[in-house]
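Fold and contact review
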Amino acid sequence: MRNPAVFGFSLALAACSTDGPASENGAGAAAESLAVAEPLPAAGAGACAAASGPLLHVASPDWREQVIYMLMIDRFDDGDPSNNDQGHGEYDPSQPSHFSGGDLQGVIDRLDYLRDLGVTAVWTTPIFYNQWWSTPYQATGWHGYWPAHFQRVDPHFGTLADYRRLAHELHCRGMYLIQDTIANHVGNFYAYEGEYDPDDTAAGFYLLEPDSHQPAPAQYPFNQIDRLNPEHHAADIYHWTPPITDFSSLHQEHHHSLGHVGDINTENPEVIAKFKEIYKYWIDEAGVDAFRMDTVSLVPFPFWNQFLRDDDGIYAHARAKGKEHFLTFGEATAVSDPYDDAGERRVAAYLETGGQLGPNSMLSYPLYHGINRALARGAPSATLGYRLERHMANYPDPFTMPTFIDNHDTARFLAAGHPAAFRQALALLFTIPGIPIVYQGTEQALPESRMAMFAGGHRNPQGSFDRGSEHYQYLRRLTALRAGHPVFSRGSLEVLASETAGPGVLAFRREYGGESAVVVLNTANHSAMAHRLDIGAAPFQRLEQLFAEAFVKPGVKPGVKPGAEPGAEPVVTGADGGLSLRLPPRAVVVLRPVGGSVSAGEQSTAMEMAIEVDSAAIEGGVYSGDFELTGRVGQANAGLRWIPNGNFDQAIEFTADDLGEWRITVPVRDLGESSQFLQIYSPEANELSGRVNYTTRVTEAALSAAVADDPDDARGPTGQYVTPQHPDSARQREIEAVSARTAGRNLELTLTMAEITTPWLPPYGFDNVLLTIFFDLPDREGATVLPLLDASVPESMDWDLAHYARGWDSYTYLASGASANRQGDKLGVSPAVRADKDSRAITLFYEGAALGIDDWAGSRIYVTTWSATAEGDYIDFRPEPADWFFSGGEPGDPKILDDALLELGQP
């Protein structure tokens with residue numbers, strides 16, 4: 001390991017102009033400087049060679065053109081094993097709660113790996129000196145978000161010299177350094193017992209770690225944390241409040257603690273001045289190019305305005321250094337319901353509200369949720385089309401809003417999504433507006449959110465830096481596509497087609513500077529058709545394939561996968577200029593109009609055939625039983641297909657009569673109310689009729705069953721388990737009854753719980769419980785081991801299908817590919833979930849058509865409860881009762897607190 005001295009450096013100052021929209025210190029356009037500065041060099045090898053010392057200060061880039069790689073220092077790579085163990089029992093790679101050994105030297109060692117991937121900026125988790133042990137959490141601050149000193153590098157990660165060298169090495173490669181910043185809190189140093197009295201904040205206050213080597217933060221003024229010390233109380237550095245219990249309360253969000261972290265009083269002028277000093281220090285000493293801003297939503301808004309935009313604030317300081325476009329992107333978790341933009345409006349409010357300005361960008365959380373719901377969980381593609389439209393409309397500069405499919409605070413996309421959906425999500429990420437973020441390990445398709453990348457790190461015995469891996473090479477294609485075509489980083493976006501009834505076609509057009517591109521996806525697990533898309537092309541216009549995944553152009557032999565490689569066969573529009581494509585499951589194709597029309601000899605010779613459907617009496621109707629649909633075509637005895645809900649794989653063949661007339665019977669059997677549509681397709685003419693929309697409503701079950709569960713038995717199989725002790729943990733994991741109803745291909749499962757709570761505002765309407773439900777389907781060979789639960793199914797049962805459901809997540813997987821340590825193959829289907837606090841009922845609705853199930857009769861259903869981490873992992877045991885862990889069991893004991901078994905007989 002090289003350990004360079006900390007060089008002195010001169011501050012060369014400059015501005016960088018771009019052609020983006022103007023905004024105050026915006027990342028896409030120049031802002032007026034408050035000081036005259038000499039030009040800073042652009043990052044790259046030339047500037048590196050010309051520098052007399054470390055290349056710390058370079059001109060701001062056009063952030064629209066960047067690709068960000070987000071990494072957790074402790075879990076990325078271990079470049080210096082000598083700093084792993086600091087002698088306080090905090091280092092143990094076998095434990096998710098302990099330091100694993102990653103450091104700044106490890107990041108430096110892998111910069112060529114990242115550059116070759118196409119990454120241009122690196123966002124690391126905080127480098128600050130952190131709390132090394134928290135008793136309530138039974139964990140260390142390996143992640144960096146429990147600061148004890150904001151101006152020291154944690155010894156586990158390295159030194160200031162290492163951090164400066166990281167900036168230098170990045171800048172020499174034409175790359176940029178993004179620092180993760182914190183202003184909301186310090187580590188976990190105090191708590192309250194008993195009922196909190198806001199008028200007497202000393203009552204019930206106690207220090208959490210009085211006998212630790214870190215009893216309090218190490219930095220002034222944040223070391224004044226003891227509410228019982230009169231001098232500390234007078235300094236007013238903290239809010240001295242208990243944990244947030246109601247995230248709908250703005251007062252709690254801004255003034256209470258997130259868990260047990262010490263919530264800082266950011267209204268205090270001394271605190272504001274100190275944070276300006278701290279983060280200007282990192283710009284000066286380490287040449288930081290941008291800030292990611294943690295928990296922006298938990299800090300009162302005036303702080304951000306002063307911190308960033310005062311005359312002595314961050315933006316003015318960065319401009320004076322020549323960093324004209326100092327990007328700051330904040331974190332405010334937000335989710336929107338389908339076809340509603342409440343989440344986007346919440347995020348946009350942090351950019352500007354009533355003249356109080358916050359960061360110049362924000363993480364695009366509503367779009368993240370939209371991508372995951374549509375691509376990993378089977379929501380209608382129209383919900384994602386709507387999210388893209390709101391991304392463009394709700395933000396003043398959508399091109400500099402960082403976009404992502406997962407990160408360190410969420411479950412991996414692959415936790416719920418099929419690998420084909422994963423590749424599709426990445427293709428989407430790199431062809432929509434925004435700065436794409438790749439979370440560490442995505443390029444290696446890692447399955448767990450916080451597993452290490454390096455050999456010997458947490459849950460990774462082999463290491464994961466294979467440049468030849470499928471997904472590393474796949475991402476290289478995508479980063480090259482985006483870098484080679486500015487239309488993807490700067491162009492307008494118009495949604496051309498999307499599906500409201502379920503997964504299916506999603507198509508959009510990008511335009512910029514005379515270049516246009518069309519992106520077409522099939523989000524379904526079945527074949528679909530994009531029919532006569534108006535892409536603004538001429539008749540018989542040739543379209544070049546810029547990128548393709550799982551797409552085979554009609555006429556190309558199966559197994560041939562045209563991609564971005566030269567020579568991919570072009571696509572041609574129809575006689576009306578419309579684009580029609582048959583799309584295999586999970587296909588993606590990116591097309592660009594080139595040249596003029598193809599020659600007459602190359603034009604399609606398919607026959608024309610009008611398909612008439614007598615839809616007037618059917619359109620918009622509600623049906624509880626079978627009905628007939630009629631129509632006609634212009635050719636006698638024509639072979640036709642009836643396409644239900646755009647699913648070409650379930651097409652039903654039929655034939656017109658001698659007069660070209662036809663009649664079909666549409667069955668209505670499936671439980672529940674559902675919007676449906678059907679179309680008639682002519683394979684010979686490659687012609688598709690208009691849609692016939694209708695609703696099915698089946699309320700009577702053909703089969704039902706119910707079972708009551710023993711009361712007060714949520715104590716695990718031994719009866720000795722103790723639940724997490726945090727204030728919001730109660731009886732949410734206690735099952736009282738299970739009932740099921742089925743008709744046709746659909747099943748409704750209702751769980752009556754002892755309690756349903758929502759203090760954390762879960763999208764699915766319940767928190768503090770993880771449901772894992774296993775289905776034993778008749779006439780199928782399944783598995784007996786329950787993945788990740790350290791348990792097996794009840795005797796004489798095996799399982800074929802599983803459903804993972806919690807307040808933030810819902811997905812299904814199969815027994816195929818499952819083991820004790822791995823969930824099975826993901827289906828990319830999320831059953832509908834709703835919760836009713838008053839009746840204490842969680843209702844789960846399973847559509848058999850999406851799950852490949854025609855009949856639920858004879859099934860057995862095994863329901864289990866437990867709890868999950870924020871990232872979705874099953875919570876572990878600890879020897880003693882703890883706020884966020886179970887106790888009363890040993891590692892390897894079943895992760896089942898309560899369970900119930902329901903059997904569906906035969907009708």
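Residues numbered from 1 in each chain as written. Predicted model: local features only at pLDDT ≥ 70, side-chain atom pairs only at ≥ 80, totals over all residues. Heavy atoms only, no water.

1. Quick notes on the side chain of His 391
Here His 391 shows up in helix α13 (residues 381-394). Of the residues examined, His 391 reaches a relative accessible area of 2% and is grouped as buried. At 3.2 Å, the side chain of His 391 and the backbone oxygen of Pro 398 are in polar contact. (Helix = DSSP H or I, 4+ residues; strand = E, 2+ residues; numbered from the N terminus. Buried < 20%, exposed > 50% of the residue type's maximum accessible area, 1.4 Å probe, protein only. Polar contact = N/O pair within 3.5 Å; in protein donor to acceptor, adjacent residues only side chain to side chain.)

2. Side note on helix α8 (residues 269-286)
Its 18 residues give α8 an end-to-end C-alpha distance of 26 Å, which sits within 8% of 26 Å, the value for a rise of 1.5 Å per residue. The N-cap of α8, judged by a side-chain oxygen 2.8 Å from the amide nitrogen of Glu 270 a few residues on, is Asn 268. Positive phi shows up at Gly 287, right after α8, with a value of about 65°. (Expected span 1.5 Å × (residues − 1).)

3. Regarding the sheet that holds strand β34 (residues 746-753)
Taken together, five strands build an open sheet; the order of strands is β32-β33-β34-β41-β40 and the sheet is antiparallel. The open sheet terminates on both sides in strands that have one partner only, identified here as β32 (703-708) and β40 (832-836). With strand direction ignored, the average angle separating the axes of adjacent strands in the sheet is 10°. The pairing of strand β33 (residues 735-743) with β34 spans eight bridges and is antiparallel. Directly across from Thr 742, in β34, lies its bridge partner Leu 747. (Pairing = 2+ DSSP bridges. Axes fitted to C-alpha atoms, helices over the stretch in contact; angles between N-to-C directions.)

4. Let's talk about the packing of aromatic side chains
Under the counting rule described, the total for this entry stands at 58 aromatic pairs. Judged by centre distance (6.0 Å) and plane angle (55°), the ring pair of Tyr 846 and Trp 856 falls under tilted. Taken together, the positions of Tyr 846 in strand β41 (residues 841-847) and Trp 856 in the loop between α18 (848-851) and β42 (860-866) put the pair 10 residues apart, joining distant regions of the chain. Take Tyr 846: its relative accessible area is 0%, and that puts it in the buried class. In this structure Trp 856 comes out as buried when scored by relative accessible area, which is 0%. (Phe/Tyr/Trp six-rings, centres within 6.5 Å; stacked < 30°, edge-to-face > 60°.)

5. Some details on a negative patch on the surface
Where like charges cluster on the molecular surface, the negative patch consists of Glu 195, Asp 197, Asp 199 and Asp 200. Secondary-structure assignment places Glu 195 in the loop between β6 (190-192) and β7 (205-207). Relative accessible area serves as the criterion here: at 78%, Glu 195 is assigned to the exposed category. (Patch = residues over 30% accessible without salt bridge, like charges linked within 9 Å, V, L, I, M, F, W, Y side chains within 5 Å. Areas by Shrake-Rupley, 256 points an atom, 1.4 Å probe, with all protein chains shown as cover. Salt bridge = Lys/Arg side-chain N within 4 Å of Asp/Glu carboxyl O. Lys, Arg positive; Asp, Glu negative; His and termini not counted. Charge placed at Lys NZ, Arg CZ, Asp CG, Glu CD.)

6. Examining the sheet that holds strand β28 (residues 661-666)
Pairing in this open sheet of three strands is antiparallel, and the strands run β23-β25-β28 from one edge to the other. Lying at the two open borders of the sheet, with one neighbouring strand each, are β23 (611-613) and β28. The sheet shows a mean angle of 25° between the axes of neighbouring strands, taken without regard to direction. Bridge count between β23 and strand β25 (residues 627-633): three bridges; the pairing is antiparallel. Across the sheet, residue Val 613 finds its bridge partner in β25, namely Gly 631.

7. As for the pairing of strand β15 (residues 492-498)
Inspection of the sheet shows β15 paired to strand β16 (residues 505-512) by six bridges, in the antiparallel sense. Its bridge partner being in β16, Ser 492 is matched across the sheet by Glu 511. Between β15 and β16, which pair antiparallel and follow one another directly, the connecting turn spans six residues.

8. Focus on the environment of Glu 277
With respect to the element layout, Glu 277 can be found in helix α8. Judged by its relative accessible area of 40%, Glu 277 is partly exposed. Each C-alpha atom of the pair Glu 277 and Ala 50 lies 30 Å from the other, and the pair is 227 residues apart in sequence. Side-chain polar atoms of Glu 277 contact the side chain of Lys 274, separated by 3.0 Å.

9. Some remarks on the packing of α8 against helix α9 (residues 301-309)
One way to put it is that α8 packs onto α9 with a least axis distance of 10 Å and a crossing angle of 45°. Comparing the axis directions of α8 and α9 gives the class oblique. Where α8 crosses over α9, the handedness of that crossing is right-handed. Seen from α8, the contacting residues are Ile 272, Phe 275, Lys 276 and Tyr 279; seen from α9, they are Phe 303, Gln 306 and Phe 307. Across the contact of α8 with α9, the residue classes tally to five nonpolar, one polar and one charged. (Parallel < 35°, antiparallel > 145°, perpendicular 65-115°, else oblique. Left-handed = near helix turned anticlockwise from the far one by under 90°. Contact = heavy atoms within 4.5 Å. Nonpolar A, V, L, I, M, F, W, Y, C, P; charged D, E, K, R; others polar.)

10. Overview of the nonpolar core
With 172 residues, the main nonpolar core has Phe 150, Phe 275, Tyr 279 and Trp 282 as its most contacted residues. Top contributing element to this core by residue count: α8, with eight residues. Apart from the residues within four sequence positions on either side, Tyr 279 is in contact with Phe 128, Phe 150, Gln 179, Thr 181, Ile 182, Phe 291, Phe 307 and Ile 314. Ranked by size, the runner-up nonpolar core spans 34 residues in total, among them Ile 735, Val 738, Ile 773 and Tyr 846. (Core = buried A, V, L, I, M, F, W, Y, C linked by side-chain atoms within 4.5 Å.)

11. With respect to the confidence of the model for the protein chain
Summarising the model, the protein chain shows a mean pLDDT of 91, and 92% of its residues fall at 70 or more. Here residues 1-36 is modelled with pLDDT under 50, and outside its nearest four sequence neighbours on either side it reaches 101 contacts, counting other chains as well. (pLDDT = per-residue confidence, 0-100.)

12. Focus on the pattern of salt bridges
Overall, the coordinates contain 50 salt bridges when judged by the stated rule. If you follow the salt bridges from partner to partner, you end up with Asp 112, Arg 115, Asp 116, Arg 165, Glu 169, Arg 173 and Arg 467 in one network.

13. What to know about the state of the cysteines
For the structure shown, the criterion picks out one disulfide. Across the disulfide from Cys 48 sits Cys 172; the S-S distance is 2.0 Å. Taking the sign of the torsion about the S-S bond as the criterion, the disulfide between Cys 48 and Cys 172, at about 75°, is right-handed. With a gap of 124 residues between them, Cys 48 in helix α1 (residues 45-50) and Cys 172 in helix α5 (residues 160-172) connect regions that are remote in the sequence. (Disulfide = S-S within 2.5 Å.)

14. Things to note about the packing of helix α15 (residues 419-429) against helix α16 (residues 470-484)
For the pair α15 and α16, the least separation of the axes is 10 Å and the interaxial angle reads 20°. Judged by the angle between their axes, α15 and α16 are roughly parallel. Handedness of the crossing formed by α15 with α16: right-handed. Residues Phe 422, Arg 423, Gln 424, Leu 426, Ala 427 and Leu 429 of α15 form the contact with α16, whose own contacting residues are Glu 470, His 471, Tyr 474, Leu 475, Leu 478 and Arg 482.

15. A few points about α9
Of all the nine residues making up α9, seven are buried; the element is thus mostly covered by neighbouring parts of the structure. Among the residues making up α9, those that are buried are Phe 301, Phe 303, Trp 304, Asn 305, Phe 307, Leu 308 and Arg 309.

16. Considering the pairing of strand β29 (residues 672-682)
Summarising burial for β29: eight of the 11 residues are buried, a large majority. Where strand β26 (residues 639-644) and β29 come together, four bridges link them in antiparallel fashion. Following the sheet pairing, Ile 643 is matched in β29 by Gln 679. Where β29 lies against strand β31 (residues 692-698), seven bridges are found, and the strand directions are antiparallel. Its bridge partner lying in β31, Leu 678 is registered against Val 692. Note: β29 against strand β30 (residues 687-688), two bridges, orientation antiparallel. The partner of Ser 682 across the bridge, within β30, is Glu 687.

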